[in-house]
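Chain by chain, the residues run as shown.
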Amino acid sequence: MERAVDFIYEIPKFTTKNSLDHTRQLMGLLGDPGRGRRVIHVAGSNGKGSVCCFLYSMLLAAGKSAALFTSPHLTDIRERFQVNGELVSEQVFFEAFVEVKDASAKLVQKTGRHPTFFEFLFAMGMVIYEKADVEYIVLETGLGGRLDATNSFPSPLLTLITSISLEHTEYLGDTIREIAGEKAGILKPGVPVFFDAGDPEAEAVIRARAAKFGCPCTGVLPETAAAGRKISGMAETRREHTLSGSAGADRKMFQICEITGKHIDFSLFSAYDKRTEWSIPFSAPYQAQNAALAVAAMQSLGLMEDAVIQKGLLASRWPGRMQEVRPGIYLDGAHNPAGISAFLDAVKQIVREDPYPPLLLFSMVKGKDIETSAAMLTGEIPWEAIAVSRIPDDRGMAPGEILEIFQEDGRPVSGYEDCREALRAMCGRRKPGQKLFCTGSLYFIGALMELLQETEP
């Protein structure tokens, strides 16, 4: 197992981005695993992992045989491959590794190109799910959508697109319109699409592509956002549906009813169904948007009663997303400005009655928009103290670089070379009732999670 994982991590050193045709050839050598399964394909900038989690949990609550493919992992690479509520065993992982490694060697002989890191893992996942004979696969894209290895699957049951923001601009484009076009690349002719309609520019791109391919198309957004965009109510929603033609455009709106430290209650409604209320075991407001999108998509399939959908929502667990890992210590993988914005909204809700301002621990990988993230983090919350550290990975930024950016506004910030030292220092200075929030790259969150699983950081 250890040698297999080492081999997988070495892949980026000897291969680069491949075409979808290359992925299809790899899958062909493997016998096209997963081809007969019911796939729900999810893309987006933020929230796609959470949406996948909700969908997967609802399918399991309904007694369906289901698998989840997601990335990145936090502490164990097998987190990427889940079957019927469990991580795959090391034996199953290793057998799939050997099969894909052998197919990769044949592909290199044929094309001269080795599968990428993500191609290799995607192929392993589909081999695992085929052998497990699951009925449903919830498939999260890696980067983008149009050219992502997961997009080699030809005929999904549903497609979903979560919120879209400026991310990976060197690959996906430097405008919302361009990035939305890449994400909407997962749409297939006639396959229904549900999407986060929070950004008008992204919505226009998604609806245009849906109309081109005849995809029934449903946007989900907060009721307040709908009002702000001059959608005056249900009559306007019905009118838009009528004028959309074969694309079948529609909107569903949700409204947060209550947020506590342990759960969120929200309602979801449209012109065509009754107002329904749901509860999720999360404290971050952004999870209501993700859950509303997942519920709207699941309801369209008609697989289960509302009571089963609610059961699945309450059973959802998604580590590292505003997760209270110990009393008063939260981990949240906010890795871009849009994620930071959602993180800050959640922090404001969680600390609104606290006796002391919160503490912040942060780190980021190279190549991200850390300047914007730092300005947002230091500009909205009166943190009592901020610490920055290094991710224990070659991709991590040096603490000195992060420290220099955070200190630009004169706020006192401490820098630590070792994340264990940083975590110990911030835990040590907490007062009774004071909360510590750790955010940044999911790789950083994974490292902290491993430390917090020990007796002491």
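Quick notes on the rules
Residues numbered from 1 in each chain as written. Predicted model: local features only at pLDDT ≥ 70, side-chain atom pairs only at ≥ 80, totals over all residues. Heavy atoms only, no water. Phe/Tyr/Trp six-rings, centres within 6.5 Å; stacked < 30°, edge-to-face > 60°. Helix = DSSP H or I, 4+ residues; strand = E, 2+ residues; numbered from the N terminus. Lys NZ or Arg CZ within 6 Å of the ring centre and 35° of its normal. Expected span 1.5 Å × (residues − 1). Buried < 20%, exposed > 50% of the residue type's maximum accessible area, 1.4 Å probe, protein only. Axes fitted to C-alpha atoms, helices over the stretch in contact; angles between N-to-C directions. Left-handed = near helix turned anticlockwise from the far one by under 90°. Contact = heavy atoms within 4.5 Å. Core = buried A, V, L, I, M, F, W, Y, C linked by side-chain atoms within 4.5 Å. Pairing = 2+ DSSP bridges. Parallel < 35°, antiparallel > 145°, perpendicular 65-115°, else oblique. Nonpolar A, V, L, I, M, F, W, Y, C, P; charged D, E, K, R; others polar. Salt bridge = Lys/Arg side-chain N within 4 Å of Asp/Glu carboxyl O.

Engineer: How should I be thinking about the packing of aromatic side chains in this particular structure?
Structural biologist: By convention here, two paired aromatic rings are described through the distance between centres and the angle between planes. In total, this model carries 16 aromatic pairs according to the counting rule given. The interplanar angle of 50 degrees and the centroid separation of 6.1 Å between the aromatic rings of F7 and F120 together place this pair among those described as tilted. Separated by 113 residues along the polypeptide, F7 in helix 1 (residues 2-10) and F120 in helix 5 (residues 117-132) bring together distant segments of the chain. An aromatic cluster is built from F69, F81, F93, F118 and F122, whose rings are joined through pairwise contacts. Here the guanidinium or amino end of K101 rests over the ring plane of F7, the centre of that ring lying 5.2 Å away.

Engineer: How should helix 3 (residues 48-61) be read in this particular structure?
Structural biologist: Owing to its 3.6 residues per turn, the α-helix brings residues three or four apart onto one side. With 14 residues, helix 3 extends 20 Å from end C-alpha to end C-alpha; this agrees with the ideal 20 Å at 1.5 Å per step. Of all 14 residues making up helix 3, twelve are buried, and the element is well covered by its neighbours. Buried within helix 3 are the following residues: K48, G49, S50, V51, C52, C53, F54, L55, Y56, S57, M58 and L59. G63 sits one or two residues past helix 3 and shows a positive phi near 80 degrees.

Engineer: What should I look at first to understand the packing of helix 11 (residues 286-301) against helix 12 (residues 306-314) in this one?
Structural biologist: Relative placement of two packed helices is described by the angle separating their axes and the distance separating the axes. The contact between helix 11 and helix 12 brings their axes to 11 Å, and the two run at 145 degrees. Where helix 11 crosses over helix 12, the two elements pack in a sense that is right-handed. In contact with A291, V295, M298 and Q299 of helix 11, helix 12 contributes D306, I309 and L313.

Engineer: How should the nonpolar core be read in this particular structure?
Structural biologist: The nonpolar side chains of a soluble globular protein tend to be buried, and buried together. Judged by nonpolar contacts, the single largest core of 39 residues is most densely connected at L55, M58, L160 and L313. Looking at this core, the element that brings in the most residues is helix 11, giving nine residues. Sequence-distant contacts of L160, defined by excluding residues within four places in its chain, comprise I40, H41, V42, A43, V51, L55, I186, F194, L293, A294 and A297.

Engineer: I'm lost on the sheet that holds strand 15 (residues 385-389) in this one. Help?
Structural biologist: Whenever strands of a sheet pair, they do so through backbone hydrogen bonds, lying parallel or antiparallel. Across the sheet, six strands lie side by side as 12-13-17-14-15-16; this open sheet has mixed pairing. Edge positions in the open sheet fall to strand 12 (323-326) and strand 16 (413-416), since each of these has one partner strand only. Looking at each pair of strands side by side, their axes are set apart by 25 degrees on average, direction ignored. Relative to strand 15, strand 14 (residues 359-363) is paired through four bridges, and the arrangement is parallel.

Engineer: Looking at this structure, how should I read the packing of helix 1 against helix 4 (residues 90-111)?
Structural biologist: It is the contact of helix 1 with helix 4, at a shortest axis distance of 10 Å, that shows an interaxial angle of 45 degrees. Judged on the interaxial angle alone, helix 4 and helix 1 are oblique. Handedness of the helix 1/helix 4 crossing: left-handed. Residues A4, V5, F7 and I8 of helix 1 form the contact with helix 4, whose own contacting residues are F93, F94, F97 and K101. The class makeup of the residues in the contact of helix 1 with helix 4 is seven nonpolar, no polar and one charged.

Engineer: For this particular structure, what's the right way to read the pattern of salt bridges?
Structural biologist: One side chain can pair with another of opposite charge once the charged atoms of both are near each other. This structure, assessed with the given rule, holds 16 salt bridges. E324 is the partner of K262 in a salt bridge, and the nearest nitrogen-oxygen pair spans 3.1 Å. Within this pair, whereas K262 is found in the loop between strand 9 (250-259) and strand 10 (264-270), its partner E324 is found in strand 12, the two being separated by 62 residues in sequence.

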